[in-house]
Amino acid sequence: MSTTIIETGGLTRNYGDICALKPLDLKVPEGEWLSVMGHSGSGKSTLLNLLGGLDRPSNGSLRVGGEDMQGLTEDGLARFRREFVGIIFQQHHLIPYLTAVENVMMAQYFHSVPDEAEARLALERVGLGHRLKNRPSELSGGEQQRVCIARAIINSPKLLLGDEPTGNLDHKSTLMVMELLKELRAEERFTIVMVTHNPEVAAWGDRTIYLDDGILVREERTRS
Amino acid sequence: MVLAKLAPHLLSWAGIVLAMGRGFSGRRSVVAAGAIVGFPLGVAGACLLSRAYPGDFSFAIIRDIVGGSFLLLWGGAVAAIYSSTVREFPRSWGERLANSPFCAGAVALSSGMIAGAISACRLVGTYNTLPPFLLLALAASILALAALAVERALAASFPVSHSGLMASVVALLLFSASSIIRLDLFSPLTMKLMKFSHDFVHQFFESMLIPDHLFIRTYLWGYIGLLFGNGVGFWGALILWFTPAVLVALAIQWERLPSVAHIRQGAQRRRLLATGIRARRFRLVIPVLAMVVLAAAVYRSRFPSVEYWDPKPLPISASPSGDIFIPKKGDVDLEDGKLHKYLFKQGGREARFFVLMTPAGKLTVDLDACAICKPDGYGQAEGTVICYYCKTLIPLETVGQPGGCNPIPLPFTEKEDGVHIDGLTLLNMWGTNAQSTARVKGGGK
Amino acid sequence: MLFRILKNSFLKRPKAVFLVFLSITMGAAVATAFLGIAGEVSHKMALELRSYGANILLEPSALEGGGFLREEDLPKIKTVFWKYNITGFTPYLFGVAEFSANGKHERGIVSGTWFNKELVVPGEESTVQGIKVIAPWWDVQGGWPQAADDAVIGAALAKRLGLSVGGQVEATVRGTGQRFRVAGIVTTGGYEEEQVFAPLVTVQSLLRQQGKVSRVLVSALTVPMDAFGRKDPATMSKDEYEKWYCTAYVTSVAKNVEEVMAGSRAKPIWQIASAEGALLKKLNSVMLLLTILALGASATAVSTSLMASMAERSPEIALMKAVGADRFQITAIFVGETLIISLCGGVIGYLLGDQLAELISRTVFNSTIASPLWLFPTAIVSAFVVAVAGSVAPLRRALRIEPVRVLKG
């Protein structure tokens, strides 16, 4: 068993009176692929935002990669996001006026310095070597999601977070994206936490946890 | 009063010490010792020099030393740019030398001496007693220690490279010198360059002033004519002035970044590069600041601050026969177009007078009072003298003529070597003209 | 990369960028124009205060002398108590004449005067007196008159008569004619542009007023009038009186000159000048106020348009934050954008403002101004100030954007 990368103790998140995440205890060992399932409003996106340093917990402890997230300043959180995690969104969220390669380079720029050759390589690795100079609007949904993956992994994060990365994709593209993620994980050895409500997608992971109304209700291991 | 006059010099001295403390971090004590010993030495040296060679000669020596440091900066800048671009540059011995405590001490000592000499030049001529100079040395030492304390408190991520140190120290010295007209380097540089360009054209092109010369066509003369333009001196001097600092900045900008080829992971490689770039940017701050200081020096040289020339009356005594003699080239240069005040005391009576060379080139000796005003005395402004009592401006050309609020002319005889005044006449004239309202002491305002 | 982001973001939203650019340009232009005029006005005032111009006017007192002063009294001016403070003086003799040149006719004033006359006073050093000394700001195209029938003609009159340097103009007064060669054309921005200036002797014979002068303008180095100078000497203590007496107030110099010119009355021009000065000062502060208001208005405009574009840009800022941009990096992008726009706006604004200043000074003040060098940095700086002031609020809003709220899903 390898070291733990995510460890939460009594983690809660309230939005006013609404409790999005009830006290949650969770441990994720390094290198695991964890799927998080639940219907909308079950608190899975909240969990993901907390793990990605986009949001702060209301209560409880949260350690990601040995870093106490409660104690980080706003700029500390920004540094954590750029050096430690990569995030793939359902809506892709690419900057519309930048080309594919520039979108990847932007992540490099915020991290350290842009390196176009490396960004090209990353896009070639996700199979977009022929669409470097296209803007997001000229790419299909699956291609956009692959740009998003290239952007997420460009800074060699320890933790890759996916927020319904295949929610907007057809079956074929979904398969392609999942295959890609599996390959990349084999090479880069990052941990994946992926939120989904598609059991088929969840089955790609090593373990699946089910959230309902902010409570962890069930967890099961996938047989490989 | 004295310190206010010295403010630019002392400020630049504090900057110099600050830069040296940073540049030789780890050798702070050596720097502090060198600086604190060097400055008073410089002050004393300048005083002795001006005693030994009154007049412009001592200023010229100090100016040449400052000029020498500027040339040194040129050399350092060229070396820096060479070493940052050429791979096979033998850097090791130079670096070892620069890192030795000997080097730190020598730099601190010599820049302290130059800065001290420059600051002392500000006082020479106006003050002839010891206290102002002691005050200067004391203030400089305190400032040096304060600057070193400030340096200690600065963030560690703010390094100063050797070339940057050189640029900042020389820039601050030039700034300090530029506020003393006789030490200013930029105007002479402008003039020299102008002359050089004229001579150059004469030497090189006159021989080619043949119609249909093989290389020099007539239309080329249009361009050669540019060398005679008025701006040549100024713009050329600007280029010479700023180039070393620009070279130093470029040398830092072109420094090779840490080698990252061996790191396979892109993110790590880039992070290392980013750290290198950030450090380089921090090192660039000093040369850029040096350029700003150099620009300030040019500004001061072009627009020297006009101030009232308000000399302290120098006490003077008469020979037994009652004759007051003031040499033309003594402690003060009577013919420098400035107002020189003297205070004459004899037997409980005293009188104030001044000697001035009018723009027409005539020496005149006048009482430091007019026929009607209270004798508060006169100061000198641009093209005029001003009566401190009624604030009336009197054109310099008319000083020496009686009437109005003009100072009362004194009879005197001008000899080859100086000016002779009869002490008794002086006292009597003061007595009758400056009346009983006279407040002789202190030189007026 | 920063530049790629900036370039693309400019190209993506040309309208918003143009709006910001426009408001910054307007602000810089208005600031340039107003400050330029205000600066020039106070420059002219300073010239006056430094007593370069004439500050004492000698006129015949109406009762005696038949309305003229005597030319032979003039050298006495250099012998008065305050003689060293009198830097120059110029006599004038005015007359109405018919001018004709190139077949055109105009009615105008011919003035006889000294241009550059060496004046020898027994017992004093010889001095040079005349217009050239007391009015150094005269902008004469061509040269000063040398011969007795040379004249300097005002620019406006010259234009109407179609005259240029070297031309001939005929002046007729009550049947007597005199032909002048135009030695120079003068531009002053004042009434001088409507007159013909000729050597005093020539005009005296033309007007048949030999040895007579209608007025003398005297320029003296004086102490600015203060509360003390306005006090009534009769109420002063001995000390005060002594000080007043030996101070070169314009009133005392005027009194001095009046005494030596028979049948004259000396009026210090400061009475007019200081009234004018007060007006100009008021005008200056109005200009300054207007400038500040204009800059504030354009900063508000910048702020509003940046705020408006912020709604559209918030997803991209949220994304940048999510990818790991810290506050410094977001600020760099924002400030970089506005600084580039404001640099362009400053340059264009300067060029526009310069034209505007010229237009205003021509139409309102009826004089041309030379734009001083410091206006350019002023324009750039005011553009920067507008840009920075205008982007503070939007920037704060940008920094407050929470990625979680904006990037739902």
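Heads up: the structure comes first, above all this text.
Now for a quick tour of the structure. Bear in mind the structure is a predicted one, so any value in this text is a computation, not a measurement.

Some remarks on the pairing of strand S4 (residues 104–113) of chain C
Residues and elements named next belong to chain C.
Here's step 1: Inspection of the sheet shows strand S3 (residues 86–101) paired to S4 by 10 bridges, in the antiparallel sense. Residue pairing for S4: phenylalanine 94 is matched across the bridge by serine 111.
Here's step 2: Counted between consecutive antiparallel strands, the loop separating S3 from S4 contains two residues, among which asparagine 102 sits at a positive phi close to 50°.
Here's step 3: As judged from the five bridges shared by S4 and strand S11 (residues 195–199), these two strands associate in the parallel manner. Across the sheet, the residue bridging to serine 111 is phenylalanine 197, located in S11.

Thoughts on the interface of chain A and chain C
Here's step 1: Opposite the 27 residues of chain A that make contact, chain C presents 26 residues.
Here's step 2: Both sides of the chain A and chain C interface together cover about 2,600 Å² of buried area, and 63% of this is carbon and sulfur.
Here's step 3: Broken down residue by residue, the surface that chain A buries against chain C is led by Tyr97, Tyr109 and Phe110 of chain A, which jointly contribute 29%.
Here's step 4: The tally of links between chain A and chain C comes to four salt bridges.
Here's step 5: Of the charged contacts in the structure, one is a salt bridge between arginine 327 of chain C and aspartate 75 of chain A, with a shortest N-O distance of 3.4 Å.
Here's step 6: Remark: the boundary between chain A and chain C carries nine residue pairs in polar contact (both at pLDDT 80 or more).
Here's step 7: Contributing elements (two or more residues each) for the side of chain A that touches chain C: helix H2 (74–84) and helix H3 (100–111) of chain A.
Here's step 8: Ranked by the residues each element gives to the side of chain A that touches chain C, the list is headed by H3 of chain A, at six residues.

What to know about the packing of aromatic side chains
Residue and element names in this part refer to chain B.
Here's step 1: According to the stated counting rule, one finds 14 aromatic pairs over all chains in the structure shown.
Here's step 2: Ring geometry for phenylalanine 186 and phenylalanine 234: centres 6.0 Å apart, planes at 90°, overall edge-to-face. Here phenylalanine 186 is found in helix H8 (residues 186–205), whereas its partner phenylalanine 234 is found in helix H10 (residues 231–253), with 48 residues between them in sequence. Phenylalanine 234 carries the same exposure label as phenylalanine 186, and that label is buried.
Here's step 3: Plain terms: the ring middles of phenylalanine 354 and tyrosine 378 are 6.1 Å apart, the flat faces sit at 65° to each other, and that makes the pair edge-to-face. Residue phenylalanine 354 is located in strand S4 (residues 349–357), and its partner tyrosine 378 is located in strand S6 (residues 378–381); the two are separated by 24 residues in the primary sequence.
Here's step 4: Its relative accessible area of 1% is what places tyrosine 378 among the buried residues.

Observations regarding the pattern of salt bridges
Here's step 1: Applying the stated criterion across every chain yields a total of 42 salt bridges over all chains.
Here's step 2: For glutamate 219 of chain A, the salt bridge is made with arginine 207 of chain A, and the minimal N-O distance between the two is 2.8 Å. Taken as a pair, glutamate 219 of chain A in strand S10 (residues 215–221) and arginine 207 of chain A in strand S9 (residues 207–212) lie far apart in primary sequence, 12 residues in all.
Here's step 3: Here the salt bridges share partners, and the residues they tie into one network are Glu102, Glu116, Arg120 and Lys133 of chain A together with Arg4 of chain C.

Quick look at H3 of chain A
Residues and elements named next belong to chain A.
Here's step 1: Taking 1.5 Å per residue as the helical rise, H3 with its 12 residues ought to reach 16 Å, and the 17 Å between its terminal C-alpha atoms agrees with that figure.
Here's step 2: The element H3 is extensively covered by neighbouring structure, given that 12 of its 12 residues are classed as buried.
Here's step 3: For H3, the set of buried residues is Ala100, Val101, Glu102, Asn103, Val104, Met105, Met106, Ala107, Gln108, Tyr109, Phe110 and His111.

Description of the side chain of serine 69 of chain B
Residues and elements named next belong to chain B.
Here's step 1: Tracing the backbone through its elements, the reader meets serine 69 in helix H3 (residues 56–85).
Here's step 2: On the basis of relative accessible area, serine 69 is assigned to the buried category, the value being 11%.
Here's step 3: Among the polar contacts listed, one links the side chain of serine 69 to the backbone oxygen of valine 66, at a separation of 2.6 Å.
Here's step 4: Those residues in contact with serine 69 that lie beyond four places of it in its chain are Val170 and Leu173.

Description of the interface of chain B and chain A
Interfaces are often sized by the amount of accessible area the parts lose when they come together.
Here's step 1: Counting residues at the interface gives nine residues for chain B and 10 residues for chain A.
Here's step 2: Summed over both partners, the interface of chain B with chain A buries about 760 Å², with 51% contributed by carbon and sulfur atoms.
Here's step 3: Considering only the side of chain B, the residues that lose the most area to chain A are Ala267, Arg270 and Arg271 of chain B, jointly responsible for 66% of the buried surface there.
Here's step 4: Remark: the boundary between chain B and chain A carries three salt bridges.
Here's step 5: Ionic pairing is found between glutamate 118 of chain A and arginine 270 of chain B, a salt bridge with its closest N-O pair at 2.9 Å.
Here's step 6: Connecting chain B to chain A are six residue pairs in polar contact (both at pLDDT 80 or more).
Here's step 7: Taken together, the residues of the side of chain B that touches chain A sort by class into four nonpolar, two polar and three charged.

Description of the sheet that holds strand S10 (residues 413–414) of chain B
Residues and elements named next belong to chain B.
Here's step 1: Judged by pairing direction, the sheet is antiparallel, and its three strands sit side by side in the order S2-S11-S10 without closing on themselves. The strands lining the two open edges of the sheet, one partner per strand, are strand S2 (323–327) and S10.
Here's step 2: Sheet topology note: the S2/strand S11 (residues 418–422) ladder contains five bridges and is antiparallel. In the strand pairing of S11, phenylalanine 325 is matched with histidine 420.
Here's step 3: Seen against the sheet, helix H12 (residues 423–433) touches S2 and S11 and runs at an angle of roughly 60° to S11.

Description of the pairing of strand S10 (residues 176–187) of chain C
Residues and elements named next belong to chain C.
Here's step 1: Here strand S7 (residues 139–142) pairs with S10 via four bridges, running antiparallel. For glutamine 141, the partnering residue across the bridge sits in S10 and is isoleucine 185.
Here's step 2: Pairing analysis gives five bridges linking strand S8 (residues 150–154) to S10, with the strands arranged parallel. Following the sheet pairing, aspartate 150 is matched in S10 by arginine 181.
Here's step 3: With six bridges joining them, strand S9 (residues 168–173) and S10 adopt antiparallel strand pairing. By the bridge assignment, glutamate 170 is partnered in S10 with arginine 179.
Here's step 4: Taking the residues between adjacent antiparallel strands as the criterion, S9 and S10 are bridged by two residues, where arginine 174 takes a positive phi near 45°.

Conventions we followed
Residues numbered from 1 in each chain as written. Chains lettered and ligands numbered in written order. Predicted model: local features only at pLDDT ≥ 70, side-chain atom pairs only at ≥ 80, totals over all residues. Heavy atoms only, no water. Pairing = 2+ DSSP bridges. Helix = DSSP H or I, 4+ residues; strand = E, 2+ residues; numbered from the N terminus. Contact = heavy atoms within 4.5 Å. Buried area = accessible area lost by both parts, 1.4 Å probe. Salt bridge = Lys/Arg side-chain N within 4 Å of Asp/Glu carboxyl O. Polar contact = N/O pair within 3.5 Å; in protein donor to acceptor, adjacent residues only side chain to side chain. Phe/Tyr/Trp six-rings, centres within 6.5 Å; stacked < 30°, edge-to-face > 60°. Buried < 20%, exposed > 50% of the residue type's maximum accessible area, 1.4 Å probe, protein only. Expected span 1.5 Å × (residues − 1). Nonpolar A, V, L, I, M, F, W, Y, C, P; charged D, E, K, R; others polar. Axes fitted to C-alpha atoms, helices over the stretch in contact; angles between N-to-C directions.

Distances and angles like these do not, on their own, reveal function.
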